[in-house]
Amino acid sequence: IFLVFLTLKTEELPLNKNTSIPIKDQVSWQEPEELEEEYEEEEYEEQIIKNIFITGNSLVSEETIRSKLPYKIGDIFNKKLSGLALSNIYSLGYFTAPLELYQEDDSAGYVNLHIKVTEKTKLSQVKYTGNKNLTAVEIEKKLLFAAVNTIESQELEKYCYALKKLYREKNLHSTTIDPSLEIGEDTTATVTFAIKEGKKSLVKRVFFKGNTSISSRVLRSLIFTREDWILGMLDKAGTYHPDAIESDKYTIENYYQSNGFLTARVKDVALVKNPKSNSFEVTFDIEEGCLYTIKSVTATGNEFVSEEQLLARIGIKVGALYSRDAIRQTLDALKLIWGEFGFIYADIEPEIRPDHENKTVEINFNSELGAKVSLNRIIIRGNNKTRDYVIRRKLKLDEGDVLTTRAMEDSKLAVGALGYFDQRDGVNWKIMRLKEDLADLELILQEIKTGKLYAQASYGGVDKSNPVQLSSFKFGVGFSDRNFLGTGIMYDLQGSYSQQERTLGMVISNPWMFDRPLLGAVSGSYKQALYEDVKNVKIAPIETIASGGLTTGFRIQKMSDVACNYDIGIQNGRYKELPIAYFGPDSTVSKETVATAQFFLDRQFRPGNLLSVSQNISQDTRNNPGFPTRGYFWSWLSKAGLGDSCSTFGFFRTDFDIVWYTPLIGEFDLVFAFHSHAGVIAPFKDKTVPYRELFHIGGPTTVRGYIPGNLGPSIAGDSIGATRAFYLNAELVFPITKDLGTKARIFYDGGSGWGFVGENCMPSHLSKLIKNNQFNYRHAIGFGFQMVSPQPIRIDIGFKLDRNQRREEAPYEISFSMAQDFW
């Protein structure tokens, strides 16, 4: 950019720089500070711009050039802005030096401005010759010639440099490029890059010299420069790059200095090139030095935090080996500590005093806190869909507050937990300092899609021996959005159809009614469901349930958003035919077994209405609803249900769930998840419990590796439902795709269900027919895969760990579900 400063004189003289501005007055170059003082002292006669004439342009319109001028017709002409005018025009990239601007006095008090430009040659075509390892398309993606309209020969060198860099990434370090520019008859330019690629230059051997304390194997694992091997194309092994060599030197020195070797350094890097193979041998010459231990650590405290408290929160301890990484981590920790008190711009300077004779180090951390920083305003960017108020109500900061790192981090986690933004890097703060004690915060967001439309189709069941399985085509469709129109309202509509089953469901939920932390939700469903797991019947139970419910609740923000929700619902259930116990014509099952099975069928499969009231107290600190990596969730549900005189249902149920997540490798690479559930159901006096409300332990949502109901009371293999349940799940979860939409897992599950409705009043000789009625902890291990979107699908394979006692069981079970996680 050319800056031109003008002073008055009476002759027209050109500049001796790349830009010339002939005007009626003399032009000279001076330091900006001196010119500003000179202009302040001198006075000029004001002249109004009458006309602006532009010549020399053909590719660029006059309107475009005029838009870059700091003045327009009718303005008072300011000579000091002439340099800025030419700088702006030159920044368009279409013109070459010199550019000229001069003034012409018109009538009294008016002036005409003349701007003369010289355009570069129009670029019409770019050619490449000799390029075998890079296609023209690959080159164009990097050099972006499609966006270049004009060119001059002086610019070719920078394109050659960029092109050589591309070839270095392909390990072609001896590539030569000869550029040429030809002007055709139509006065347009054709650029040709004549390329001689040469042979590939690979690193064949990497050696380390002088390393006696740290093995070469460890050092090789740290650096980028690695020896070529048969699959080097996959991990870039064998790549030689001079910049990487310099980076590797720093990496090696940092590793040594972070493991006690205070004075360690890489003295030299020897590079030997084989002229025949064009390959390299790289040798790092290391001077290790001696181990240094930490003699003392001090840190300046104040009235906010004492030195003892500071030292307790940092990782460096007396007697430990000197570590450069530990010092960096301590600096970050101290900045975080001071940031909690509002000293966002605290400057921490480590003072390192080595004693080379005794091989010890004294370290002192001096903190210059500066002023506390107050928040001026919060600016939100990137929320194209989500409305500002949805985000702001999750922030823990208010404009005018003292800005603290804790409040910033808590706000970031709260916004990320909405699940509307990219989980990896979709919520970030940017601090914009206005004064020493005042700053703006910019919340930069990257939204993801929160709505989905899906369809599913299936045919039949999975067990051909089961005569009551689904045996027809099933089709389902649904659409939902967790952030409807950016308001934070959630809705889910879905339905399915088959000969035996039909479902239609709807849920609408608003967690912030009246812009307060009040929950309001309405739900309704119609379901014709076939109980496939009830096998020992003549006709499988097909229940038609119409239900509706209203939910309201509130969150206690002072108690970390503990939520208290209350629900009232009503269900109407009826059956096409009531189930009749049947074990087949060739069955050897006793009459008592058939009678007992019928006893439970009559009690649990009754038509009628059921009114339920429930309370759910919970707390959710998970950092994301889709793929949580940190935080916990707990829930305590209490539910009472009462049926009409026809159904004779009446019960009380309570469940407690707790989930905990923590990352083990990175933030997303490997996550440990633990979940535990305990529940109890008690029927009211002379009442019973619906089959669907009882615990059926086993299967994809409880204990994988077992079929549903397999770990609880049963008759001849059919689950009759448990009144008590306990199970736990432990998982190692890792993503398969970068967007975290597909995950894999290794799991351990275990649990049991026991107790049945009517246990106290059933005759003892019939009670003996009930199997698995005692607490019997069983467990399995396995692995699985899960796709989150567009349709949640999960496949798990569980292997029983205690099958030795039950050889009649299958050694494993495969479960397939189209539902969200059970936590």
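Residues numbered from 1 in each chain as written. Predicted model: local features only at pLDDT ≥ 70, side-chain atom pairs only at ≥ 80, totals over all residues. Heavy atoms only, no water.

Trainee: Just to check I follow, could you spell out the overall build of the protein chain for this structure?
Mentor: Each helix and strand counted, the protein chain has 14 helices and 34 strands in total. Relative to the 2.2 N^0.38 estimate, which gives 28 Å for 823 residues, the radius of gyration of the protein chain is 38 Å and therefore markedly larger than a compact globule would have. Overall, the protein chain is about 125 × 75 × 70 Å in size when its C-alpha atoms are taken along their principal axes. Across the 823 residues in the protein chain, those meeting the buried criterion constitute 43%. Contacts in the protein chain between residues at least 24 apart in sequence constitute 61% of all its contacts with a sequence separation of at least 6. (Helix = DSSP H or I, 4+ residues; strand = E, 2+ residues; numbered from the N terminus. Rg over C-alpha atoms; globule rule 2.2 N^0.38 Å. Buried < 20%, exposed > 50% of the residue type's maximum accessible area, 1.4 Å probe, protein only. Contact = heavy atoms within 4.5 Å.)

Trainee: What exactly am I supposed to notice about the nonpolar core here?
Mentor: Generally speaking, nonpolar side chains in soluble globular proteins are found buried as a group. In this structure, Leu-334, Trp-338 and Phe-365 are the most contacted members of the largest nonpolar core, which totals 23 residues. At the level of elements, strand S11 (293-299), helix H10 (324-339) and strand S13 (360-368) are the ones that each hand at least two residues to this core. In terms of nonpolar packing, the next biggest core, distinct from the first, is built from 22 residues, Ile-378, Val-390, Met-408 and Phe-421 among them. (Core = buried A, V, L, I, M, F, W, Y, C linked by side-chain atoms within 4.5 Å.)

Trainee: Quick question: what am I supposed to make of the sheet that holds strand S16 (residues 438-445) here?
Mentor: Hydrogen bonds between backbone groups are what pair the strands of a sheet, and the pairing can be parallel or antiparallel. Strands sit in the order S14-S16-S15 across an open sheet of 3 strands; the sheet is mixed. Since the sheet does not close on itself, it has two edges, and those belong to strand S14 (374-381) and strand S15 (427-435), each with one partner. Strand-to-strand, the axes of this sheet are offset by a mean angle of 20 degrees, without reference to chain direction. Bridging between S14 and S16 involves 6 bridges; their strand directions are parallel. Within S16, the residue paired with Ile-380 across the bridge is Leu-443. Strands in contact with helix H12 (residues 405-416) are S15 and S16; relative to S15, the strand with the most contacts, it is inclined by about 145 degrees. (Pairing = 2+ DSSP bridges. Axes fitted to C-alpha atoms, helices over the stretch in contact; angles between N-to-C directions.)

Trainee: What exactly am I supposed to notice about the pairing of strand S22 (residues 542-556) here?
Mentor: Consecutive side chains along a regular strand alternate between the two faces of the sheet. Note that strand S21 (residues 518-530) and S22 share 13 bridges and pair antiparallel. Each bridged residue has a counterpart across the sheet, and for Gly-524 the counterpart in S22 is Gly-548. Between S22 and the antiparallel strand that follows it, strand S23 (residues 562-575), lie 5 residues; Ser-560 among them carries a positive phi value of about 55 degrees.

Trainee: Any chance you could explain the environment of Gly-679 here in plain terms?
Mentor: The residue Gly-679 is located in strand S27 (residues 670-683) in this model. Residue classification places Gly-679 among the buried residues on the basis of a relative accessible area of 5%. A sequence separation of 108 residues divides Gly-679 from Gln-571, and the C-alpha atoms of the two residues are 22 Å apart. With near-sequence residues (within four places) excluded, Gly-679 lies in contact with Thr-654, Asp-655, Phe-695, Thr-723, Arg-724 and Ala-725.

Trainee: Looking at this model, I keep getting lost on the packing of aromatic side chains. Mind explaining?
Mentor: Where two aromatic rings form a pair, the distance of their centres and the angle of their planes describe that pair. Throughout the structure, instances matching the rule amount to 23 aromatic pairs. On the basis of an interplanar angle of 65 degrees and a centroid distance of 5.8 Å, the ring pair of Tyr-71 and Phe-77 is categorised as edge-to-face. Judged on exposure class, the residue Tyr-71 and its partner Phe-77 are both buried. Ring plane angle 90 degrees and centroid distance 5.4 Å describe the contact between Phe-484 and Tyr-491, whose orientation is recorded as edge-to-face. (Phe/Tyr/Trp six-rings, centres within 6.5 Å; stacked < 30°, edge-to-face > 60°.)

Trainee: Explain the side chain of Thr-544 here, please?
Mentor: Position of Thr-544 relative to the elements: it lies in strand S22. Taking the relative accessible area as the measure of exposure, Thr-544 reaches 7% and is therefore buried. Each residue touching Thr-544, except ones within four places of it in the same chain, is listed here: Tyr-526, Lys-527, Gln-528, Asn-572, Gly-573 and Arg-574.

Trainee: Please clarify how the sheet that holds strand S2 (residues 95-105) should be interpreted in this entry.
Mentor: Taken in spatial order, the 3 strands line up as S1-S3-S2 in an open sheet, and their pairing is mixed. Two strands close off the open sheet at either side, each with one partner strand: strand S1 (48-55) and S2. Neighbouring strand axes in the sheet, compared pairwise and without regard to direction, differ in orientation by 15 degrees on average. In terms of strand pairing, S1 meets strand S3 (residues 110-119) through 7 bridges, oriented parallel. Paired with Ile-48 across the strands is Tyr-110, a residue of S3. Sheet strands in contact with helix H3 (residues 82-90) are S2 and S3, and its direction is about 145 degrees off that of S2.

Trainee: For this particular structure, what's the right way to read the side chain of Thr-487?
Mentor: Looking at where Thr-487 falls in the secondary structure, it is placed in the loop between strand S18 (473-484) and strand S19 (489-497). Once residues within four sequence positions are removed from consideration, Thr-487 is found in contact with Arg-387, Tyr-389, Val-390 and Arg-393.

Trainee: How do you make sense of H10 when you look at a structure like this?
Mentor: Count 3.6 residues to each turn of an α-helix, and residues three or four apart come out pointing the same way. When the terminal C-alpha atoms of H10 are compared, their 23 Å separation across 16 residues agrees well with the 22 Å that a helix rising 1.5 Å per residue should span. Within H10, the full set of buried residues consists of Ala-326, Ile-327, Thr-330, Leu-331, Leu-334, Ile-337, Trp-338 and Gly-339. Between the side-chain oxygen of the N-cap and the backbone nitrogen of Asp-325 there are 3.5 Å, and the N-cap of H10 in question is Ser-323. (Expected span 1.5 Å × (residues − 1). Polar contact = N/O pair within 3.5 Å; in protein donor to acceptor, adjacent residues only side chain to side chain.)

Trainee: Would you mind going over H3 with me for this structure?
Mentor: For H3, the full list of buried residues reads Ser-82, Gly-83, Ala-85, Leu-86, Ser-87 and Ile-89. Where H3 is buried, its residues touch helix H2 (62-67), S2 and S3.

Trainee: Got a minute to help me understand the pattern of salt bridges in this structure?
Mentor: Any two side chains of opposite charge can pair, so long as their charged atoms come close to each other. Evaluated as defined, the whole model comprises 34 salt bridges. Glu-246 is paired through a salt bridge with Lys-249; the nearest N and O atoms lie 3.8 Å apart. Linking Glu-246 with Lys-249, this pair stays in helix H8 (residues 242-257), spanning 3 residues, or about one helical turn. A relative accessible area of 48% places Glu-246 in the partly exposed class. (Salt bridge = Lys/Arg side-chain N within 4 Å of Asp/Glu carboxyl O.)

Trainee: Help me understand the packing of helix H4 (residues 136-143) against helix H5 (residues 156-169), please; the structure alone is not making it clear to me.
Mentor: Helix-helix packing is described using two parameters, namely the angle between the two axes and the distance between the axes. Their axes nearest at 10 Å, the elements H4 and H5 cross at an angle of 120 degrees. On the basis of the axis angle, H4 is oblique to H5. The handedness of the crossing between H4 and H5 is right-handed. Contacts between H4 and H5 involve Ile-139, Lys-142 and Leu-143 from the first element and Tyr-159, Ala-162, Leu-163 and Leu-166 from the second. Considering only residue class, the contact of H4 with H5 consists of 6 nonpolar, no polar and 1 charged. (Parallel < 35°, antiparallel > 145°, perpendicular 65-115°, else oblique. Left-handed = near helix turned anticlockwise from the far one by under 90°. Nonpolar A, V, L, I, M, F, W, Y, C, P; charged D, E, K, R; others polar.)

Trainee: Please explain the environment of Asp-355 as it appears in this structure.
Mentor: Turning to its location among the elements, Asp-355 is positioned in strand S12 (residues 347-355). Expressed as a C-alpha distance, the spacing of Asp-355 and Trp-229, which sit 126 residues apart in the sequence, is 45 Å. Ignoring anything within four residues of it in the chain, the contact list for Asp-355 reads Tyr-292 and Thr-360.

Trainee: What am I meant to see in the packing of H8 against H10 here?
Mentor: Remark: H8 packs on H10, axes separated minimally by 6 Å, with the N-to-C direction vectors making an angle of 85 degrees. Here H8 lies roughly perpendicular to H10, going by the angle between them. The residues of H10 that touch H8, namely those facing Tyr-250, Asn-254 and Gln-257, are Arg-324, Asp-325 and Arg-328. Of the residues contributing to the contact of H8 with H10, the split by class is 1 nonpolar, 2 polar and 3 charged.

Trainee: Looking at this structure, I do not really get unusual backbone geometry. What am I missing?
Mentor: The phi torsion of most residues other than glycine is negative, and most of the peptide bonds are trans. We note that Ser-560 has phi near 55 degrees; this positive angle belongs to a residue other than glycine. Within the secondary structure layout, Ser-560 lies in the loop between S22 and S23. Of note in this structure, Asn-772 is not a glycine but carries a positive phi near 60 degrees. On the secondary structure map, Asn-772 appears in the loop between helix H14 (764-767) and strand S32 (778-787).

Trainee: Help me understand the environment of Val-680 in this model?
Mentor: Among the structural elements, Val-680 can be located in strand S27. The spatial distance from the C-alpha of Val-680 to the C-alpha of Asp-186 is 89 Å, given a sequence separation of 494 residues. With residues up to four places along the chain from it excluded, the contact list for Val-680 reads Phe-652, Arg-653, Thr-654, Phe-695, Thr-723 and Arg-724.

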